[in-house]
Amino acid sequence: MLRNEKINTLRIAQLTVATLMTAAAAVCFTLAAPARAAVIDVQCVGAFDRSFSPAVTVTPQTVTVTEAFDYDTCVIGPSATGAASITLSLGCVPVSAGPPETETVTWNDATGGTSTITWSAPSVVGQTAIFTGTVTAGRYAGDAATKVTSGISYLGSVVGCLLGTPVSNTTGLVDSLVLTQ
């Protein structure tokens, strides 16, 4: 199978999973609050790149983590890019979930504009991180936000780090970004 076909197949699978997760969340939300159903403003998948300065080593140190998100495949709403930066103490192991952070999302459509999303500290299971938050400013202000990511390069990076190769960046997939009213 060609690389583009694999990527397209992966995107379709991601959108299917994101749609099912959103539908399940909407059912749960509806059951909890029958007077108002959730309205989905944005539902996207994509990729991320995370860089570390200085590079992460075996010895924990203060590191600035700069994140770039590309929400390039959307079934609802416009595509977008996102950016966040946090500073924390980090080493190869133990891997922490990370602190709360603020992401600025820039929308790629004629309306344009940005959204500021304040994320709680993520829940991490294996290489999957689940973020929940709120759009605190800009477009879609007041929406609830959920993001699920999977770090496809992280596990190999940790092994290399433990063997003495510092980690300067990791990449992964945004399995879903959903903003709901």
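Residues numbered from 1 in each chain as written. Predicted model: local features only at pLDDT ≥ 70, side-chain atom pairs only at ≥ 80, totals over all residues. Heavy atoms only, no water.

Undergrad: When you look at a nonpolar patch on the surface in this model, what are you seeing that I'm missing?
TA: A surface patch of nonpolar side chains, amounting to about 240 Å² of accessible area, comprises V58, V93 and L162. Position of V58 among the secondary structure elements: in the loop between β1 (40-56) and β2 (61-76). V58 sits in the partly exposed class, given a relative accessible area of 45%. (Patch = residues over 30% accessible without salt bridge, like charges linked within 9 Å, V, L, I, M, F, W, Y side chains within 5 Å. Areas by Shrake-Rupley, 256 points an atom, 1.4 Å probe, with all protein chains shown as cover. Salt bridge = Lys/Arg side-chain N within 4 Å of Asp/Glu carboxyl O. Helix = DSSP H or I, 4+ residues; strand = E, 2+ residues; numbered from the N terminus. Buried < 20%, exposed > 50% of the residue type's maximum accessible area, 1.4 Å probe, protein only.)

Undergrad: Mind showing me how you'd approach the pairing of strand β4 (residues 101-107) here?
TA: Both faces of the sheet carry side chains from a regular strand, because those side chains alternate between them. Side-chain alternation along β4 places E101, E103, V105 and W107 on a buried face and T102, T104 and T106 on a face that remains uncovered. Strand direction decides the pairing type here: strand β3 (residues 80-90) and β4, joined by four bridges, are antiparallel. Pairing of A83 across the sheet is with T104, part of β4. Across six bridges, the pairing between β4 and strand β5 (residues 114-119) is antiparallel. Along β5, the bridge assignment pairs E103 with I117. Hairpin connection of β4 to β5: six residues between the antiparallel strands, including G112 at a positive phi of 60 degrees. (Pairing = 2+ DSSP bridges.)

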